[in-house]
Amino acid sequence: MAAAPLIPAYDFVAPPATGLSTASISHLSWVFLVVTSNNYAEALEFIPQNFGLFNFLIDASSLPADDASQIKALLNVGASKVITSLEQLELLRDPKLHIEDDRLILAIGKGNKTREDFENAIRNTSLGVFVPDVTDVGFVLGWLQQYGTENRPSVYISFKATPTLEEVLELMKVDASVVINSKDLTVDSGKEEGLLSVGEIYSSALKSDRSDGLFTTLVVDELGVALGLVYSSKESINESLKTGAGVYQSRKRGLWYKGATSGATQELVKIDMDCDGDCLRFTVRQKGKGFCHLETRTCFGVSSGLGALEATLKSRLGSAPEGSYTARLFKDPKLLRAKIMEEAEELCEATSKDDVAWEAADLLYFALTKCVSAGVGLADIERNLDAKSLKVVRRKGDAKGERTNEKKEQSTPTPSAPAPVSQKEESKDRIEMKRYFASEISPEELEAVLKRPSQKSSNMIMGIVNPIIKAVKEEGDKALLGYTQKFDRCPNLESTVLKAPYPEGLMTISPEVKAAIDLSYENIYKFHAAQKEAKPLEVETMPGVKCSRFARPVERVGLYIPGGTAVLPSTALMLGVPAMVAGCKTIVFASPPRPDGSITPEIVYIAHKVGAEAIVLAGGAQAVAALAYGTESVPKVDKILGPGNQFVTAAKMVVSNDTGATVSIDMPAGPSEVLVIADKTSNPAFVASDLLSQAEHGVDSQVVLIAVDMSKEMLQDIDDQLHAQAMALPRVDIVRGAIDHSVTVVVDSIERAFEVSNLYAPEHLILQIQDAKACVEKVQNAGSVFIGPWTPESVGDYSAGVNHSLPTYGYAKQYSGVNLATYVKHITSSELSAEGLQNLGNAVMDLAAVEGLDAHRMAVKIRLDHMKTSK
Ligand SMILES: NC(=O)c1ccc[n+]([C@@H]2O[C@H](COP(=O)([O-])OP(=O)(O)OC[C@H]3O[C@@H](n4cnc5c(N)ncnc54)[C@H](O)[C@@H]3O)[C@@H](O)[C@H]2O)c1
Ligand SMILES: N[C@H](CO)Cc1c[nH]c[nH+]1
Ligand SMILES: [Zn+2]
């Protein structure tokens, strides 16, 4: 496949005002990102979220030169190619890493490397070369002439200074891929002076072998199955990139918006060109009956194989004929589980070619049924496989416990504490928090050490969130649906709201999970009901002057239940139960849907239990905006509650500051965090497990250990536990990202530990210290406290009764976590008798006179005069 002719560098800080979005860039399949320490955390989240949509070319050469762990993490989460410095490259040449040479590109022209350094570094490799400055181009071209390009697959040339169109085209003659900053690109047809049309630039690298100048275009689905053959022109390519839909060039009728009349539209996934640049491949998500005018999925007849099976299972999930076996499997997870296990066993035992094929087919059928019921399709599985193939740090691949004979013979290690790995042996792959001694650093340095990762880039987040809020406010459901289809990858979603009463079929959950929800519900209910004020507060401030304060529920509440990196039904309980206890009249849930457009059944069950009248199937800033302003189908609310990622938190802040929205929020509850204070009496395995339980929430989570007067050996023990336990977790990549910006601070006294903790103001504070209960009085700032060795933070996350929706980012200094008062407002009243007004009247009149507000004074005087005359 030919290299894409340009690699757009999307500027996230100041997105272009030209109609070009990340989506239109994504279809070109390559995106160039410059990753620095400041945006590393975002990149680590953004890359896996958009894996399969983009190929990522990352310039990581500004990351620390003496530590390649961040680059490894970027490669691990799916960066296709990474540009490194010479020093980083040396570190990455580690035989334990599985890095194909062509994934690394050496940056030259940066720093003070000589040509000799550069030539030595690349002589025996097939590394590409990255030239960060246009002034180096002459040198590279000379070098190419001398050494040839056969072994060097790609030369990427990036310009920090904006090149002219002529320069770009001139350079493209040497078959180079070109990086162009997105601010110079547009997809608008009436483009402004000086801007480049994406379609034009793209098609300038193509050569047509047809007399009409059109490009032959193969249209395929996400599995690569050919749907049909069409033609493209530079206008149609541009239009397709602009609309994100399948648009082609009909030889008779001009621009052809596929499905405009039949409804069988296409969502564009990406565009590739073939090896000699005369043919295009459009990968699309086909909607409706299919691509062919004969209403079949493809123009080549009936489809078969796994893709056809997936389509059948998907349609059965929607409306399976009563009595069908597949319907039974969907309804009975235990049966499905048993069948998967049974078929896997049979496949292992099969030996003949026929038997292996037979059993593998059975296993695939049941496995795909499981996938479809969870909203996972073959394209997701392929994406996952592709992502795994890019991992540079491989798992050992041993089977778990009883599945291997050897393991059966071993003594069983405690489940929470797998054998520690020697730090020396695997130091480069270690998952390890940085360690500081509080006595050795200044207060300013301590503050910097404890800085939350996500505080660093609010400009970038606002740049993304503000346009989303504006669009939902102005366009309502249309924008809401569009963003949901895009961010939550559910192209077939048709409506963004599910209204009560919810169909039984959408709440089918296992009896164990139902029992767990019911038990947690009871505890949360009890704890929040106990917070109810028994009666109004009444005080007679002086004879005849009665003041009172009474509570009323906020009438309409919108409850955000996160669903990006993990689905959190527990948050539905934490927000829904107190809303019900407080007596809110309208409860609306919002949560990102699954890719098939459905919502997790546990959330629907909880919505039903707490009496939520609707569930908005949307997440992120768009869900927050819909709740704040209302849309045609989403009811507007008075208060928005609930945690979320940086986009959700930022959107809550924006709408609560808009007087046009008249909506308030609970608090800024962002990425989860925990601070553990532990001393010599603590159990290292427990400490590590608590740190990891919050680290697994997201790469932007942060965990902090304050170790009180601890020996080096014990600190090492905790580090070893953390690494070993982390490596056994399915979310190890997320954990690695979070631990990367997490710290241990060693202090010498319990007093100093609480000083540091109160300064940090953690969302969760865990006390694993002697006399933990007695130390609670030292807590000044924290969302929720977990006391003693038997109180892991996860009990509060799910079932103890306390709320888990808590202030993060240090806002525990001024905000409480969600509690009954969060759903209630207080109204005061005064009632004066004639005697009361006589007692108070002069004071009021004197103060009104001081302020020059005569009408205020008169409102009292008129009554006092009236009393006098009516005596
Ligand atoms: N503080 C608390 O009380 C508390 C409680 C529970 C969870 N949490 C935290 O909530 C967070 C949940 O985050 P999540 O991501 O899993 O789910 P989420 O529902 O908050 O966010 C997912 C949504 O983010 C939006 N989004 C994702 N990438 C985007 C992009 N590049 N541009 C614009 N929008 C984008 C999408 O709309 C998506 O639906 C975690 O950090 C977790 O730690 C906090
Ligand atoms: N710890 C999160 C609050 O920061 C809440 C949660 C939900 N599920 C698991 N944990
Ligand atoms: Zn949690």
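As shown above, the structure is provided for reference.
Source: prediction; values computed, not measured. (Residues numbered from 1 in each chain as written. Chains lettered and ligands numbered in written order. Predicted model: local features only at pLDDT ≥ 70, side-chain atom pairs only at ≥ 80, totals over all residues. Heavy atoms only, no water.)

**Observations concerning the coordination of the zinc ion (ligand 3)**
Then comes step 1: Protein coordination of the zinc ion (ligand 3) is provided by His697 (NE2) and Asp797 (OD), with donor distances spanning 2.2 Å.
Then comes step 2: The coordination sphere of the zinc ion (ligand 3) comprises four donor atoms, whose angles at the metal cover 85 to 176°; the geometry is irregular. One end of the pair, His697, is in the loop between helix 24 (684-695) and strand 27 (702-708); the other, Asp797, is in helix 29 (residues 793-798), and 100 residues separate them in sequence. (Donors = N, O, S within 2.8 Å, 3.2 Å for Na, K, Ca; no water. Tetrahedral: all angles 85-135°; square planar, octahedral: opposite > 155°, others 65-115°. Helix = DSSP H or I, 4+ residues; strand = E, 2+ residues; numbered from the N terminus.)

**Let's talk about the nonpolar core**
Then comes step 1: By size, the foremost hydrophobic cluster in this structure holds 42 residues, and its most contacted members are Tyr502, Val557, Leu559, Ile587, Phe589, Ile615 and Tyr823.
Then comes step 2: With eight residues, the single largest contributor to this core is helix 20 (residues 569-582).
Then comes step 3: Beyond its immediate sequence surroundings of up to four residues, Tyr502 is in contact with Met507, Val604, Ala607, His608, Ala612, Glu613, Ala614 and Ile615.
Then comes step 4: Membership of the second largest hydrophobic core comes to 34 residues, among which are Val497, Val616, Ala625 and Ala626. (Core = buried A, V, L, I, M, F, W, Y, C linked by side-chain atoms within 4.5 Å. Buried < 20%, exposed > 50% of the residue type's maximum accessible area, 1.4 Å probe, protein only. Contact = heavy atoms within 4.5 Å.)

**Some points on the side chain of Gln88**
Then comes step 1: Position of Gln88 relative to the elements: it lies in helix 4 (residues 86-92).
Then comes step 2: Of the residues examined, Gln88 reaches a relative accessible area of 0% and is grouped as buried.
Then comes step 3: For Gln88, the side chain forms a polar contact with the main-chain oxygen of Ala60, separated by 3.2 Å.
Then comes step 4: Once residues lying within four places of it in the same chain are set aside, the contact partners of Gln88 are Ala60, Ser61, Leu63, Pro64, Ala65, Ala68 and Ile71. (Polar contact = N/O pair within 3.5 Å; in protein donor to acceptor, adjacent residues only side chain to side chain.)

**Details of the packing of helix 12 (residues 333-349) against helix 13 (residues 353-373)**
Then comes step 1: One can describe the packing of helix 12 onto helix 13 by two numbers: an axis separation of 9 Å at closest approach and a directional angle of 155°. In this view, helix 12 runs roughly antiparallel relative to helix 13, as classed from their interaxial angle. Note that helix 12 runs across helix 13; the crossing there is left-handed. On helix 13, the residues touching Leu336, Lys339, Ile340, Glu343, Ala344, Glu346 and Leu347 of helix 12 are Val356, Glu359, Ala360, Asp362, Leu363, Phe366, Ala367, Thr369 and Lys370. (Axes fitted to C-alpha atoms, helices over the stretch in contact; angles between N-to-C directions. Parallel < 35°, antiparallel > 145°, perpendicular 65-115°, else oblique. Left-handed = near helix turned anticlockwise from the far one by under 90°.)

**What about helix 23 (residues 646-656)?**
Then comes step 1: Regarding helix 23, the residues found buried are Gln646, Val648, Thr649, Ala650, Ala651, Lys652 and Val655.
Then comes step 2: N-cap assignment for helix 23: the residue whose side-chain oxygen lies 3.1 Å from the backbone N of Phe647 is Asn645.

**Notes on the packing of helix 19 (residues 511-529) against helix 20**
Then comes step 1: Their axes nearest at 9 Å, the elements helix 19 and helix 20 cross at an angle of 50°. Classed by the angle they form, the pair helix 19 and helix 20 counts as oblique. Crossing hand, helix 19 versus helix 20: right-handed. Along the contact surface, helix 19 presents Ile517, Ser520, Tyr521, Ile524, Tyr525, His528 and Ala529, while helix 20 presents Leu573, Met574, Val577, Pro578, Met580 and Val581.
Then comes step 2: For the contact of helix 19 with helix 20, the class distribution of residues is eleven nonpolar, two polar and no charged. (Nonpolar A, V, L, I, M, F, W, Y, C, P; charged D, E, K, R; others polar.)

**Observations concerning the site of ligand 2**
Then comes step 1: Around ligand 2, the structure places Leu568, Ser570, Ser672, Gln694, His697, Glu763, His764, Glu793, Asp797, Tyr798 and His804.
Then comes step 2: One of the side-chain N or O atoms of Ser570 is found 3.3 Å from a nitrogen atom in ligand 2.
Then comes step 3: Between ligand 2 and Tyr798, the relevant distance is 3.5 Å, taken from a nitrogen atom to a side-chain nitrogen or oxygen of the residue.
Then comes step 4: Contact with the protein chains removes 93% of the 290 Å² of surface that ligand 2 exposes when unbound. (Near = heavy atom within 4 Å. Areas by Shrake-Rupley, 256 points an atom, 1.4 Å probe, with all protein chains shown as cover.)

**Focus on the sheet that holds strand 11 (residues 215-220)**
Paired through their backbone hydrogen bonds, the strands of a sheet run either parallel or antiparallel.
Then comes step 1: The four strands lie next to each other as 12-11-16-15, forming an open sheet whose pairing is mixed. The open sheet has two edge strands, strand 12 (226-232) and strand 15 (266-273), and neither has a second partner. Pairs of neighbouring strands in the sheet enclose a mean axial angle of 25°, with direction left out of account.
Then comes step 2: Bridge count between strand 15 and strand 16 (residues 279-286): seven bridges; the pairing is antiparallel. Within the sheet, the bridge partner assigned to Ile271 lies in strand 16 and is Phe282.
Then comes step 3: Along the sheet, helix 9 (residues 234-243) contacts strand 11, strand 12, strand 15 and strand 16; its crossing angle with strand 15, the most-contacted strand, is approximately 130°. (Pairing = 2+ DSSP bridges.)

**Remarks on the side chain of Thr631**
Then comes step 1: Counting through the fold element by element, Thr631 comes out in the loop between helix 22 (620-629) and strand 24 (639-641).
Then comes step 2: Since its relative accessible area comes to 15%, Thr631 is described here as buried.
Then comes step 3: Separated by 2.9 Å, the side chain of Thr631 and the backbone nitrogen of Val634 make a polar contact.

**Description of the environment of Leu364**
Then comes step 1: Following the sequence through the fold, Leu364 ends up in helix 13.
Then comes step 2: When its relative accessible area of 44% is taken as the criterion, Leu364 is described as partly exposed.

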